[in-house]
Structures are given as C-alpha cells and as structure tokens.
Amino acid sequence: MTLLLLFFLAISFNTALPNASLVVDSCDYKSENEARQIWVAQGKSTAVSIKKEKERNYIALNLNFADVDERCYWDRDLNLDLSDYEKFVLKLWVEDPSKLGHCTLYFRSAGGWFGHNFTIEKSGWQEITLKKSQFSIEDSPVGWNQITGMRLSFWKPSKPVEETQVVLLGGIIAIPSLSKIGILFSDTTIKAKSPEANTVQRCFDDITGILDSYGIDYKVVNDSWLEEGGEIRDCNVLILPYNPNISAKVMDALEKFVDKGGKLIVFYTLNQRLAEILGILDFSWQRAGEEGKFSSVRFNQEIVDGLPERMYQGSWNANIPRKFSEDVRIIGEWVDAFGFPTGLPAATISGNGFYFGHILLNQKEGKQMVLSVLSTLSPQLKPMILNAVKERSGRFLDADNFNEVKNLINGKIENIEPYKRELVLGYLLWAEKDYKKLEKAENLGEIFRLADKMKEYLLEAYSRVFPSKPDEFRAVWCHSAFGIEGWSWEDAIKFLKEHNFNAIIVNMLWAGLAYYHSEVLPVADEVRAKGDQIAQCLSACKKYGIECHIWKVNWNLANAPKEFVERLRREGRLQMDRFGKEVLWLCPSHPENFKLELESMLEVVRKYDIDGIHFDYIRYPDANSCYCPACKARFEKEKGVLVSNWPEDVISGQYKQLYADWRREQITRLVKAVSEEAKKLKPSLKISAAVFADYPSCRESVGQDWKLWIDNGYLDFVCPMDYTDSEVRFRTLAENQRDIVAGRIPLYTGIGAFIIPVEKLLTQIELSREVGADGFVLFNYDKTLLDKLPYLLKGITSEPSEPAK
C-alpha cells in the first residue's frame, strides 16, 4: 500500500502508526461486488456487504449465528511477508458485544495457520491490537514470511442469538517493532508437536508477558527463520526463554549476533557452543532432590542494579555452571527449601550475556530480574525501562493512572465498616506519598522498591473494600497430589482453614496413575516413600473441618507408566484422531476403559470417607477425536448403520448428527454410572465436575454435555472453569452458567487465580457473587496462591462461611 493511503487511513486510527506500517486491508471497497470477491464467506456465513459512513465505505459482516454450527467467518487471499511486523491493529464497530462469543484473526501460510483469539468488550468503534507473539500455531505453517491469506472468525456466544448481528470492519494494519529487544521463539518445536512444545510456549508467553506488562516493545525471532539462513536484525539483546532444540544453523546465527556486539539472556538451555559464548567452560545437570536444593535464588544486588534480593523458583532440576572464563560473575546462588544456601550458581553474567540455570517460574520477582539484566547488558535501554516501570506502577486494574486508582477504591468504601474505611484511606495516603517519590527516583533498584511498596499499600486498601459472605462454598483446586511443596498436608489444610476456606478439591488419580494404594490403577512411585496421599489429606481435612473432594483426571494418560500405556496400545484402547494419529487418552467407547474409569472412582469412594468425587477432563481432548477403528465398529453395531467413508461421513456427512449424539453418550454414560453407583455406596456423597465454560460449544466440540448431567440429576454441584483476565468475559460466562443451572444445583465459578493478579482475583469473586453464583473454586493451590489468600482474608473471606445446604 502507498504511504498516501497509509496517511489517510491513519487519520481514522487512534493507534500511533510508524511510517513503516503496512495496510493489510483498508476495507474501503468501491462496491459490494468487489468486497465479496475479496472477502469470501465460508460455510453458511452470509456474504459481506458495504456500509458508508463519513465519506468512506466499511465492510459489514453480518453474523447470522442462528444458521451456523459454530462461527461466522470470511477468508481473504494475501501474498505478504509479515516477518518484520509485530502487531496487527483491527478497527471494528460493534453494537452489542454481549451477543458475540470470542473472535479469531488467522493468517494462513502453506501447511497451517497462525491464530489469535480476542474478545470485544465494548460497543461502538474501537481498535483491537493483536501481538504476533500471542498468535498460536495450528498445524505446520511455513512462516510469517510467506502469508497467503487471512481469516476473520466470530464464534457463537454461549447464549443463543436469533437476530443477525452486524460488525463493521474499518481496516487492518500491520505495525513493525522498533525495539532493540528480541525474543527467540522455538517455533520448530511447536510445529513438530514435540513433547517440549507446551513448555516452550509457556516459557515464551511468560517472558513476553513480563515485557507486555510494562508496555515494553520487542520483536520475535523464529528459529525457523534462522534455519532458512535469516539473521538476527536490529537487536541489542536476544532473550532465549526456553529453546531445547537449538540446531547448528541457529547456533551459527547466535554466534554471528554476539560477534557483532549482541547480548544474550538465556534460560536453562545449554549446549557446548552456547556455554562458551556465555563464558561457561563446564556445567552439569542436577535434580533438586528431596531437600529441594533449587527452591529459590539469592541475588547479589551489588553487581546488577535492580535485582530482587531473593526469588522463589521451586525448580525440580537445573544446569549448574562449574567452571568459568575470567569475565563471568556469579550473581545468583541456589537456596534449598529449608532456606540454606547451596553454594551452587543459579545465575551468571558476562560480557556476552546472562545465564539462568532453569526456566523462569516466578513472574513477580522474575519481572524485576529480567528488566534489571536488560538494563545492565544494554545501558541504552535503561531510560526506557525506568520510565516504563514508573508509568506502569501507577496502573491498577483498569485505572490508567494513580488518580483513577484512588477514585476506583474510594468509590467502594461507602458500605464498609468505619474502622476499615479509615484503614483504606490511610493506605491510600501512604501509597500516594510513595508514588510522588517514585516519580522522582532515578535508580532502578529504588524504583522497584517504591513501586512494590506503593502496590502493597494499594492492595491493602483494595482488599478491605469487599465484605465477607456467610453462606458460600470457598474451595481450591490442588493439582498436586502432594499439596504445597515443602509442606505437609496438615500445614496446607490448616492454612486454608485459617483463611476461612471450607473445601479442597485435590487431584489424586488420573486415567493411568494413582497417588494412593490402588488396586485398580498403577500406583505412583512416590507413594512408596511419601505414603498414601488421600489418607494424609483426608486426615487433615477431618481435623480442621474442611470438605475433601477427590479429583480424577479422566481419560488422560499423560503421566501413566510406559508399560501400562504400551499394554493399552496393544489392546487397542487408545484414542485416534480424524487424521489417523494416536492420541494418548483412553477411548471412552471401549468397554474395558469404561470399566477402568468407573472402578477407579468407586474404589476411592469405598476406601475413604470423603465428601465428594470430582470429574475433570470428562470430555474428548478436542473436536478431532475419537475416530479409532473400534469406535467405528461399535457405532455401526449400536446404531445399525454401515459407514463406508470413515470418518468423513460422521464428521460432515449423513451420519454427522447421529455420531455426535453417540460420541457425547460415551462421556455421559460414565458420569451417570459413577453418580448412581457412588450414591449407593454413600448417599451423602457429592458428585461434581470441572467443566468447560463455553456451553453449549463444548457439547459439540468435546462431547461435554454438562447441562444434560444437571438435567438428569447426575451432579450435585458444577464448577465451570472461567479462566480469563477479562472481567467482561468472566461476567458473560458466569451469567450464562447461572441461567443454565437455574438454581437446580449449586454453581461454583472456577476462577483462574494462576493467570490474574490478586486485585483481579478479588474483583472476579465479587462478580461471581453479583451474578448469583453459590461460591467459587480457585485454581491452583500452590505457593503462588499462598501469597494471594492473605489479601482475601482482609475482606472478602474475613469471616467463616458455611455452604448453603
């Protein structure tokens, strides 16, 4: 597109657009016919139309949700190299965002797609900015340098919408990054569907999340680009969040980058060539062991300005540098779970870069560490980082500056007790004093110290504006069968009681593993050394009056012993996706798998005096499973049909609906059987499930018909997993769930405490109450949550509560 077109389009955008920005589509077509030739409706979606406003045309997308299965979507062909662009800005107009589900922008590259989900939270004209770093990889796209098309999808909302919704599209612009900070993304690991893929993605997201939280720009360098001979361009510092498969070509590029003066920040990954760049001449890999020797890191703050004094990690293993070149300095030492220094280097810095011996597991102090190291390795970045920390420190929830924060909190204090009101006002006054000091500070360490103090005062104030509620279910999901690292179950349950929680839902068994003395499932090796975890947890729950609900991860064999999985494989009991690839889950239609799932859950009910049994992963892994040969045979036999074109005939052909119903029934029958048989063993037992938030979409995609389970009386309470950092999205989900449940059983909203700061956690609990939920469950009970629960105790859980009977 021409610079003239960019100039005129930029006038209508509020977002600042650099000269090097690219107009992907102006959306200003002369005629409806032209627009329809470019933007092609897919599936049952309605063809685009044109709407004229203020001397220009806009594309009108007519969302006929009543006529489509899952979404309305349109495709547009492209021929672009987007490798140098880091953000995409969409200008949209929406009348009522509550009548939309989520949206997705896709870019097509041969072999697959790059996709980014987003939600629209307000009505009217707005600009949605999507970062390239947050696009997920679907299948195996060639790369951002060969984009052949785009797709814009609007997914059906949870509540049925009969009338057609209209969205206006006013332009799509790609924006380059001018930042000198690069992040190396191991996209080849993702495309290869490596077992390391999830960890690679999570570590990448954690590092980008740190920079995003301070509004610090960066550029993404894909290792596939370097594999093709590309170079690391226009960067001073390159961060490697976790890159387990560094090839010789990528190493060549890294060495060339460093030779030209570039600096590296490397987490965990270490090979001989990379070690030499960082001045590490010898290193070894070690496990943490029973003593938890990689529990936390103690930093030397004199060497690098701004480092935290200490950072909790909880690493289960680490690479330990043993021998160094002369310019290497140790700036961090591992400390064990008992607080004793180990003498083992955790972090080093040299002329070429920084090395940390494990992946980053702590976002709170991790932010401070990353920004401090960036400032040290590239001093020209320091003024920008100082300003970013100062500016973002004044933000809180949706408030953009300190005055808005004060107004937000002051607006909530009218209905609280007078003594709490005085405390809130006092904390606001102290926060304001530190904010004024912060504005004048020039030292990074001092800025972080003042920012932390100010944030603490704001949290002390905000946490006291919420009242306690006397009749609600307050629970945590605990994914670890061993509870809190370094704690006994006695400690963990006592802590919950002290913070006025009344229940725990703890993961004690999977499809192929048990953390108790099971006669049905393989028993985890740790049970021999650490004992029966259900017995220990239950004993503590009985002592402190906490309800104990035992959680099973159904069907999923992720951590099952290899020999157990191999036997299942030989017996044809694993799932297969529509493309013929094995899926490491039990096939729900197999009679022996059904029996295994049923008997393992009933075994727990028989052996332990628990309060409830809890389903999780009570679904298929995705929309593409299961289409194994055994499913075909059982479906044909039970329904009396012959499927000649498998699996197409049951995915999109004449048996689509019949198979969808049969597929759902394979999941529902287990819920029914466990509910009925468990109640015979213990009539007072509570049957519950963690379910997808987006009903009825999950009914179609993963066969999880949890409304039917409520209709038929199989559940005693339900916990939708409303994991989002958006208050608008959270409210929309919870309101839909409230309407579905309709008061027939308790609704306990599942809150993703692991992805939101404590102030958002407080807000979402308040929203949960406002929509009429009967309680909440927080995910996940770990050391991170331990830091958040004390803030709840200051207000929202300040008084004990008993769930309504």
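Summary of the structure given here. Note that the structure is predicted; figures quoted are calculated from it, not measured.

With that settled, consider the sheet that holds strand 5 (residues 71-80). Ordered in space as 2-5-11-7-8-10, the six strands form an open sheet in which the pairing is antiparallel. Two strands close off the open sheet at either side, each with one partner strand: strand 2 (40-42) and strand 10 (136-139). On average, adjacent strands in this sheet sit at an angle of 25° to one another, irrespective of strand direction.

Right, let's talk about the side chain of lysine 293 for a bit. With respect to the helices and strands, the residue lysine 293 is situated in the loop between strand 17 (280-287) and strand 18 (296-299). Overall, the relative accessible area of 18% leaves lysine 293 in the buried class. Side-chain polar atoms of lysine 293 contact the side chain of glutamine 286, separated by 2.9 Å. Once residues within four sequence positions are removed from consideration, lysine 293 is found in contact with Gln286, Arg287, Ala288, Trp334, Val335, Asp336, Thr342 and Leu344.

All right, on to the layout of surface pockets then. The probe, sized like a water molecule, is rolled over the atoms to show the empty space still left. Put simply, the second largest pocket is a space of about 380 Å³. If you go around the second largest pocket, you meet 22 residues; those closest to its centre are Ser83, Asp84, Glu86, Val220 and Arg233. Broken down by secondary-structure element, the contributors of at least two residues to the lining of the second largest pocket are strand 14 (219-222) and helix 5 (223-227). If you tally residues by element for the lining of the second largest pocket, the top one is strand 14, at four residues.

Before going further, it helps to examine the sheet that holds strand 14. Taken in spatial order, the nine strands make up an open sheet running 14-13-15-16-23-22-21-18-19, and their pairing is mixed. At either margin of the open sheet sits one strand with a lone partner, and together these are strand 14 and strand 19 (310-312). Adjacent strand axes in the sheet meet at a mean angle of 25° when their direction is disregarded. Both strand 21 (residues 329-335) and strand 22 (residues 341-349) contribute to a ladder of five bridges, which runs antiparallel.

The interhelical angle for the contact between helix 9 (residues 382-393) and helix 12 (residues 444-462), taken along N-to-C directions, is 10°, at an axis separation of 10 Å. By the angle between their axes, helix 9 is roughly parallel relative to helix 12. Residues Lys382, Ile385, Leu386, Val389, Lys390 and Ser393 of helix 9 lie in contact with helix 12, whose contacting residues are Leu444, Ile447, Phe448, Ala451 and Met454. A per-class count over the contact of helix 9 with helix 12 returns eight nonpolar, one polar and two charged.

Counted according to the given criterion, the structure contains one cavity of 30 Å³ or more. Empty space within the largest cavity amounts to approximately 100 Å³. Every residue along the wall of the largest cavity is listed here: Phe114, Lys132, Ser133, Phe135, Ile137, Trp144, Phe185, Asp187, Gln201, Phe204, Val220 and Asn222. Among the secondary structure elements, those contributing two or more residues to the lining of the largest cavity are helix 4 (197-213) and strand 14. Broken down by class, the residue content of the lining of the largest cavity amounts to seven nonpolar, three polar and two charged.

It is worth spelling out the packing of helix 10 (residues 402-410) against helix 12 at this point. Where helix 10 contacts helix 12, the two axes come as close as 10 Å, and the packing angle between them is 20°. Classified by the interaxial angle, the pair formed by helix 10 and helix 12 is roughly parallel. Remark: the crossing between helix 10 and helix 12 carries left-handed chirality. Judged by residue contacts, Phe402, Val405, Leu408 and Ile409 of helix 10 engage Met454, Leu458, Ala461 and Tyr462 from helix 12. Residue classes in the contact of helix 10 with helix 12 are distributed as eight nonpolar, no polar and no charged.

One finds Met369, Leu374, Ile504, Leu778 and Tyr781 to be the most contacted residues of the largest nonpolar core, which totals 244 residues. With ten residues, helix 12 is the single largest residue contributor to this core. Leave out the neighbours within four places in its chain, and isoleucine 504 touches Val476, Cys478, Trp489, Ile493, Leu496, Cys541, Ile546, Glu547, Cys548, His549 and Tyr781. One finds Val221, Val250, Ala275 and Tyr355 within the second-largest nonpolar core, a separate group that totals 23 residues.

So, about the pairing of strand 18. By the bridge criterion, four bridges tie strand 18 to strand 21 in an arrangement that is antiparallel. Bridge pairing in strand 21 places arginine 298 opposite glutamate 333. Where strand 18 and strand 19 come together, three bridges link them in antiparallel fashion. From the neighbouring strand, valine 297 faces strand 19, where its bridge partner is methionine 311.

This part covers the pairing of strand 26 (residues 547-553). The element strand 26 is extensively covered by neighbouring structure, given that seven of its seven residues are classed as buried. With six bridges joining them, strand 25 (residues 503-509) and strand 26 adopt parallel strand pairing. If you follow alanine 503 over to strand 26, its bridge partner there is glutamate 547.

So, on to the packing of aromatic side chains. The relation between two aromatic rings is expressed through the spacing of the ring centres and the mutual angle of the planes. For the structure shown, the criterion picks out 42 aromatic pairs. A centroid spacing of 5.4 Å and a plane angle of 85° characterise the contact between tyrosine 427 and tryptophan 430, whose relative ring orientation is edge-to-face. One end of the pair is tyrosine 427 and the other is tryptophan 430, both in helix 11 (residues 418-440) and three residues apart, which spans about a single turn. What makes tryptophan 430 partly exposed here is its relative accessible area of 42%. Considering the side-chain rings of tyrosine 516 and tyrosine 608, the 6.0 Å spacing of their centres and the 85° angle between planes classify their relative orientation as edge-to-face. Separated by 92 residues along the polypeptide, tyrosine 516 in the loop between strand 25 and helix 14 (526-530) and tyrosine 608 in the loop between helix 17 (591-607) and strand 29 (612-616) bring together distant segments of the chain. Per residue, the accessibility class of tyrosine 516 equals that of tyrosine 608, and both read buried. A network of ring pairs unites the aromatic residues Phe88, Phe107, Phe114, Phe135 and Trp144 as a single cluster. A cation over an aromatic ring shows up here: arginine 56 above the ring of tyrosine 58, its NZ or CZ 4.1 Å from the ring centre.

Cut-offs applied
- Residues numbered from 1 in each chain as written.
- Predicted model: local features only at pLDDT ≥ 70, side-chain atom pairs only at ≥ 80, totals over all residues.
- Heavy atoms only, no water.
- Pairing = 2+ DSSP bridges.
- Helix = DSSP H or I, 4+ residues; strand = E, 2+ residues; numbered from the N terminus.
- Axes fitted to C-alpha atoms, helices over the stretch in contact; angles between N-to-C directions.
- Buried < 20%, exposed > 50% of the residue type's maximum accessible area, 1.4 Å probe, protein only.
- Polar contact = N/O pair within 3.5 Å; in protein donor to acceptor, adjacent residues only side chain to side chain.
- Contact = heavy atoms within 4.5 Å.
- 1 Å grid on protein atoms, 1.4 Å probe; cavity = no way out; pocket = protein on both sides within 12 Å on 5 of 7 lines; lining within 4 Å.
- Points joined across faces, edges and corners; volume = space filled by probe spheres on them.
- Parallel < 35°, antiparallel > 145°, perpendicular 65-115°, else oblique.
- Nonpolar A, V, L, I, M, F, W, Y, C, P; charged D, E, K, R; others polar.
- Left-handed = near helix turned anticlockwise from the far one by under 90°.
- Core = buried A, V, L, I, M, F, W, Y, C linked by side-chain atoms within 4.5 Å.
- Phe/Tyr/Trp six-rings, centres within 6.5 Å; stacked < 30°, edge-to-face > 60°.
- Lys NZ or Arg CZ within 6 Å of the ring centre and 35° of its normal.

Honestly, it's all geometry; don't read function into it.
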